[in-house]
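A closer look at the structure
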Amino acid sequence: MIHDYLNGLINTSKVELGSKSEMGVEQTLILIKPDAFKRKLVGKIIQRFEEKGFNIKQLKTYDFTDEKAQDFYSIHRSKPFFKELVSFVCSGTVVACILEGNNAVSTVRIMIGLTKSFDAAPGTIRGDFGLGISDNIIHASDSHESFIKESSVVFL
Ligand code: CMP
């Protein structure tokens, strides 16, 4: 119900987020985090998704406020690293991007690699570019529900 509401809000504001279709085409959200932005990795990271075949539906730089960051990561509110996570994502500009393509949510998660960059496999984005945990280069929605929630924070 809440997802329909958010979809409605998003569609009303002319952001075409869509939902999972019968053909397996999905949308997902990525955030290129402040560490990657500062290191000028945005082009290389976006290129990987374009070469894989994803279409860019929305793309913008974004500066989180503390309030917006807490909302974006609200699912982690009770975790011991929540404060550090919010502080890190507010520490600089990010790039937010909505990607569309077959099985976007799970395929993009495979492409970014494990959360702890030092454990992420070579060939994944975190595996190739990072060593950190808060500073782990990139975030991607872990479900359609997360995509709706996260997109509503960043794009509405
Ligand atoms: P992200 O994909 O943005 O989603 C939640 C974030 O929490 C995750 O990437 C990490 O940056 C961060 N995170 C997860 N586990 C830890 C941890 N143990 N310590 C600090 N940050 C963490």
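Since the structure is predicted, the reported quantities are computational estimates derived from the model, not experimental observations.

Assigned secondary structure in the chain consists of 8 helices and 4 strands. Listing the helices and strands of the chain from first to last along the sequence gives α-β-α-α-β-α-α-β-α-α-β-α. Here the chain, with 156 residues, has 47% of them falling under the buried criterion. Considering only contacts within the chain whose residues lie at least 6 apart along the sequence, 73% involve residues at least 24 apart. With an accessible surface of roughly 8,300 Å², the chain has 53% of that area assigned to carbon and sulfur atoms.

This brings us to the pattern of salt bridges. Following the criterion strictly, the structure yields 3 salt bridges and no others. In this structure, R48 engages D128 in a salt bridge whose closest nitrogen and oxygen atoms are separated by 2.7 Å. With R48 in helix 3 (residues 42–52) and D128 in helix 7 (residues 125–129), this residue pair connects regions lying 80 residues apart in the sequence. For R48, a relative accessible area of 24% translates into the label partly exposed.

A few words now on the site of the ligand. Lining the immediate surroundings of the ligand are K33, Y73, H76, F81, L85, T115, R126, I133, S134, N136 and H139. K33 places a side-chain nitrogen or oxygen 2.7 Å from an oxygen atom of the ligand. In this structure, an oxygen atom belonging to the ligand sits 3.0 Å away from a side-chain N or O atom of H139. Protein burial of the ligand: of its 450 Å² of free accessible surface, 83% is covered by the chains. For the shell around the ligand, a count of residues per class yields 4 nonpolar, 5 polar and 2 charged.

Reading across the sheet, the 4 strands line up as 2-3-1-4 and stay open at both edges, with antiparallel pairing between neighbours. Looking at strand neighbours, the two that pair on one side only are strand 2 (55–62) and strand 4 (138–140), the edges of this open sheet. If you compare each strand with its neighbour and ignore which way they point, the axes differ by 20° on average. Note that strand 2 and strand 3 (residues 94–102) share 7 bridges and pair antiparallel. If you follow I56 over to strand 3, its bridge partner there is L99.

The full count for this structure, using the stated rule, is 4 aromatic pairs. Seen in terms of ring centroids, F72 and Y73 are 5.0 Å apart; in terms of plane orientation they differ by 85°. Their pairing is edge-to-face. In this structure an aromatic cluster arises from ring pairing among Y62, F64, F72 and Y73.

A few words on the UniProt feature "binding site: ATP" (unreviewed entry) in the chain. The feature "binding site: ATP" (unreviewed entry), as given by UniProt, occupies K33, F81, R109, T115, R126 and N136 in the numbering adopted here. One can find T115 in the loop between helix 6 (104–112) and helix 7. You can call T115 partly exposed: its relative accessible area is 46%. Ignoring any residue separated from it by four or fewer positions in sequence, one finds T115 in contact with R126, G132, I133 and N136. Assignment of secondary structure puts N136 in the loop between helix 7 and strand 4. N136 sits in the buried class, given a relative accessible area of 2%.

Here we come to the nonpolar core. The tendency in soluble globular proteins is for nonpolar side chains to be buried as a group. Counting 20 residues, the largest nonpolar core has I30, I45, F49, V108, I125, I137 and I138 as its most contacted members. Those elements that provide at least two residues to this core are strand 1 (25–32), helix 3, strand 3, helix 6, helix 7 and strand 4. Looking at this core, the element that brings in the most residues is helix 6, giving 4 residues. Beyond its immediate chain neighbours, meaning those up to four positions away, F49 contacts I30, F54, L99, V108, M111, I112, I125 and I138. Counting residues in hydrophobic clusters, the runner-up holds 19 residues, among them A69, L85, V86 and V154.

Rules used throughout
Residues numbered from 1 in each chain as written. Predicted model: local features only at pLDDT ≥ 70, side-chain atom pairs only at ≥ 80, totals over all residues. Heavy atoms only, no water. Helix = DSSP H or I, 4+ residues; strand = E, 2+ residues; numbered from the N terminus. Buried < 20%, exposed > 50% of the residue type's maximum accessible area, 1.4 Å probe, protein only. Contact = heavy atoms within 4.5 Å. Areas by Shrake-Rupley, 256 points an atom, 1.4 Å probe, with all protein chains shown as cover. Salt bridge = Lys/Arg side-chain N within 4 Å of Asp/Glu carboxyl O. Near = heavy atom within 4 Å. Polar contact = N/O pair within 3.5 Å; in protein donor to acceptor, adjacent residues only side chain to side chain. Nonpolar A, V, L, I, M, F, W, Y, C, P; charged D, E, K, R; others polar. Pairing = 2+ DSSP bridges. Axes fitted to C-alpha atoms, helices over the stretch in contact; angles between N-to-C directions. Phe/Tyr/Trp six-rings, centres within 6.5 Å; stacked < 30°, edge-to-face > 60°. UniProt positions renumbered as here; feature names shortened; annotations may be inferred. Core = buried A, V, L, I, M, F, W, Y, C linked by side-chain atoms within 4.5 Å.

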